[in-house]
Amino acid sequence: MAGYVKNDKATKKGGQKWNLMLEYLYTNEGVKKMSVISSKDVYQIIRKTLGIINNKIMNHGEITGYILYKMMEYENTYTEQNYTEQEMVDYTMLGILHDIGLYKEDNVKKVTDFETKNLWPHSIYGFLFLKYLSPIGDRAEVLLYHHLDYNRYGMIQSRYLHVTELLNLADKMDTVLHLKDEKMEPDYFSKYRNIKFSGAAMDLFQKAEKCYGITENLVSGKYKEELDVLLAKRAFSEQYKKGFLEMLVYTIDFRSEHTVIHTLATVNFAEQLGRLSRVSGKDLRDLHYGALLHDLGKIAIPLNILESTGRLSDDEMKVMKAHVRITEMILEGVVDDDVLQIAVRHHEKLDGTGYHKGLSAADMSLPQQIIAVADILSALYGKRSYKEAFSKEKILDIMNSDADKGKINRNVVTTLEKNYDSIIAEFEKEKENTIGLYLKIKEQYAIMIERFKKFD
């Protein structure tokens, strides 16, 4: 992930040691000893998270991805086409995520409304999102043209045109099946052959349907089991899995850019405080991922509460606090338990007054106490919808007061106070990378929207 998570240009010895530790974790030897999430669970966490945002979009994506997968499988088996196992996984994931740009839209009740009109905004945004913020970015161009009529392919150049025409057909198969009778032309697939979609792709689908029973598997729900098997049988690298976890954090940006910046700041602060507190290599790894995932549950919090400009009422605060339990529901059973406990205990206090379980110091490990400090520092330092950034003096006064009251770890706060300027300087350096990435996406989106008007 650009910015906070990777610090490839670290100049301090602590940062260099952290990078060496991460590099070790990504070697085969390191993976055997330490793994935050298994390959088979990567897809489960994506399914759970995006399903919470909008289950209709997720279901459409899964069906489209499955149809695409079976068409490619038929090609691999019965034609000269040869996809590697990694290509099969990447393209299937692209099929599942092909409408990821739609998650940014409010109140998407019918996916077909966006599949038959207003096509380009979500296609372009989804392409840019996956290009820059996912581990399959080098193939994300497949998404860009998945709504382009087949008879216009001569207007574009892409090395992924074949997969694009398969995705285009797979997408249309599910969309047309969900349209109401009065909206669906009875001779659609004969009338628009080689116009809106590739005739060769349709022929391929029909062969795959006859061979694999695609429609029957969609009706029975067996297709989900097949997707699980496909996406579990390949042993993903730690970098690949990490890339998808980072991608999920960025999906919060669909609803709240402030929350994403807060999350990434918490990652940075937790890592630095962990190094300075001399926690073990495994604890540093757990801190990194626990901080990365700690606010994932905020995807389910209503935007009027998440971005409220005033003080929350008691009822609104209850809703806001629920994000911890939602995070737990998403992560439980799919990530390493030490990472899970760091993520869901960031609002616990040493005196038992925190939430969501009211734990005390005896119940909390040092990494769990460190993320509690990092989360508060991020909240106080960052600019939010309801406040400006606080000064150094005010931040340290508040944190020292909490430490004196026995709410947060005194040693960690003292470490923060001694190293405050260097911690903030390193964070600001990394922050510029992420802000630059956001600006690049926005600038390219504006340019591409204008350029794609020629296809309207």
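The coordinates are above.
Chains are numbered independently. Their residues run from 1 in the order of the written sequence. Thresholds applied to this predicted model are a pLDDT of at least 70 for local features of residues and 80 or more for the giving and counting of side-chain atom pairs; totals over whole chains, interfaces and linings are not thresholded and use all residues. Think of the side-chain values as coming from all heavy atoms in the structure, minus any hydrogens and water.

*Asks:* I'd like a rundown of the overall build of the protein chain, residues and numbers included.
*Replies:* Broken down by element type, the protein chain carries 22 helices and 0 strands. When each of the 456 residues of the protein chain is scored for burial, the buried share is 56%. In what follows, residue pairs with any heavy atoms lying within 4.5 Å of each other are defined as contacts. Restricting to contacts in the protein chain with at least 6 residues of sequence separation, those with at least 24 account for 73%. Calculation of accessible area relied on Shrake-Rupley with a 1.4 Å probe; when residues are assessed, cover is drawn exclusively from the protein chains displayed. Surface summary for the protein chain: the accessible area is close to 20000 Å², and the carbon and sulfur share equals 50%. Going along the chain from the N terminus, every DSSP run of H or I of four or more residues is numbered as a helix, and every run of E of two or more is numbered as a strand. To sort residues, take the accessible area from a 1.4 Å probe on protein chains only and compare it with the maximum for the residue type: under 20% means buried, over 50% means exposed, and anything in between is partly exposed.

*Asks:* Explain the packing of helix α20 (residues 366-381) against helix α22 (residues 410-451) residue by residue, including any values.
*Replies:* Between α20 and α22, the least distance of the axes is 12 Å, while the angle of their chain directions is 55°. On the basis of their axis angle, the class for α20 and α22 is oblique. Relative to α22, the crossing made by α20 is right-handed. For the pair α20 and α22, contact is made by Leu 366, Ile 370, Val 373, Leu 377 and Tyr 381 and by Val 412, Val 413, Leu 416, Tyr 420, Ile 424, Phe 427 and Glu 428, respectively. To define axes, lines are fitted to C-alpha atoms, for helices over the stretch in contact only, and angles between the resulting N-to-C directions are given on a 0 to 180 degree scale. Every angle not falling under 35 degrees, over 145, or within 65 to 115 is termed oblique; those three ranges are roughly parallel, roughly antiparallel and roughly perpendicular. Should the near helix be turned anticlockwise from the far one by less than a right angle, the crossing is left-handed, and should it be turned clockwise, the crossing is right-handed.

*Asks:* Can you lay out helix α14 (residues 238-251) for me, pointing to particular residues and giving the numbers?
*Replies:* Given the number of residues in a helix, its expected span is that number minus one, multiplied by 1.5 Å. Here α14 spans 20 Å end to end across 14 residues, near enough to the 20 Å set by a 1.5 Å rise per residue. Buried residues dominate α14, accounting for 13 of its 14 residues.

*Asks:* How would you summarise the packing of aromatic side chains if you had to cite specific residues and measurements?
*Replies:* By convention, a stacked pair of Phe, Tyr or Trp rings (six-membered ring in the case of Trp) has centres within 6.5 Å and planes under 30 degrees apart, an edge-to-face pair has planes over 60 apart, and any other such pair is tilted. This structure, assessed with the given rule, holds 22 aromatic pairs. Summarising the aromatic geometry, the rings of Tyr 83 and Tyr 91 are spaced 6.2 Å apart at their centres and angled 80° between planes, so their arrangement reads as edge-to-face. For the ring pair Phe 452 and Phe 455, a centre distance of 5.3 Å and an interplane angle of 70° mean the geometry is edge-to-face. With respect to burial, Phe 452 and Phe 455 carry one shared label: buried. Joined through ring pairs, the aromatic side chains of Trp 120, Tyr 145, Phe 452 and Phe 455 make up one cluster. Just above the ring of Tyr 212 sits the side chain of Lys 70; from NZ or CZ to the centre is 4.3 Å. We call a charge positioned above a ring when the Lys NZ or Arg CZ atom is no farther than 6 Å from the ring centre and deviates by at most 35 degrees from the ring normal. If you follow Arg 139 out to its NZ or CZ, it ends over the ring of Tyr 91, 5.4 Å from the centre.

*Asks:* So what's going on with the nonpolar core? Residues and values would help.
*Replies:* Take the buried Ala, Val, Leu, Ile, Met, Phe, Trp, Tyr and Cys residues and link them wherever side-chain atoms come within 4.5 Å; each set so joined is a nonpolar core. Judged by nonpolar contacts, the single largest core of 138 residues is most densely connected at Ile 45, Met 93, Leu 97 and Met 399. Ranked by residues supplied to this core, first place goes to α22 with 11 residues. Filtering out sequence-adjacent residues up to four positions away, Ile 45 remains in contact with Ile 37, Leu 245, Leu 248, Ile 330, Leu 331, Val 334 and Val 335.

*Asks:* An account of the side chain of Arg 47 is needed here, citing residue identities and associated values.
*Replies:* Locating Arg 47 in the fold gives a position in helix α3 (residues 39-53). Excluding anything up to four places from it in sequence, Arg 47 contacts Met 58, Glu 62, Lys 224 and Asp 228.

*Asks:* Which residues make up the pattern of salt bridges, and what values do they have?
*Replies:* When a carboxyl oxygen of Asp or Glu lies within 4 Å of a side-chain nitrogen of Lys or Arg, that pair is called a salt bridge. The tally for this structure, following the rule as stated, stands at 25 salt bridges. Notably, a salt bridge pairs Asp 286 with Lys 282, separated by 2.7 Å at the nearest N-O pair. Highlighted residues: Asp 286 and Lys 282, both in helix α16 (residues 281-293), separated by 4 residues, approximately one helical turn. Asp 286 gets classed as buried once you look at its relative accessible area, which sits at 1%. Overall, the relative accessible area of 29% leaves Lys 282 in the partly exposed class.

*Asks:* Break down unusual backbone geometry for me, with residues and values.
*Replies:* Here the bond from Tyr 355 into His 356 is cis, since omega is 20°, no more than 30 degrees from zero. Tracing the chain through its elements places His 356 in the loop between α19 (337-344) and α20. Phi at Asn 194 takes a positive value of approximately 60°, unusual for a residue other than glycine. Notably, Arg 278 is not glycine yet its phi reads approximately 60°, a positive angle. Here Arg 278 is to be found in the loop between α15 (257-276) and α16.

*Asks:* Which residues make up the packing of α3 against helix α18 (residues 314-331), and what values do they have?
*Replies:* Where α3 contacts α18, the two axes come as close as 9 Å, and the packing angle between them is 145°. Residues Ile 45, Lys 48, Thr 49 and Ile 52 of α3 lie in contact with α18, whose contacting residues are Ile 326, Met 329, Ile 330 and Leu 331. Residue classes in the contact of α3 with α18 are distributed as 6 nonpolar, 1 polar and 1 charged. Amino acids are sorted into nonpolar (Ala, Val, Leu, Ile, Met, Phe, Trp, Tyr, Cys and Pro), charged (Asp, Glu, Lys and Arg) and polar (every other residue, Gly among them).

*Asks:* Pulling in residues and values, what's your account of the environment of Met 448?
*Replies:* Relative to the elements of secondary structure, Met 448 occurs in helix α22. Residue classification places Met 448 among the buried residues on the basis of a relative accessible area of 7%. Every residue in contact with Met 448, bar those within four places of it in the chain, is listed here: Ile 124, Phe 127, Leu 128 and Leu 144.

*Asks:* Residue-level account of the environment of Pro 135, with values.
*Replies:* Residue position: Pro 135 is located in the loop between α7 (120-133) and α8 (141-144). If we skip the residues at most four places from it in the chain, Pro 135 touches Tyr 240, Gly 243 and Phe 244.

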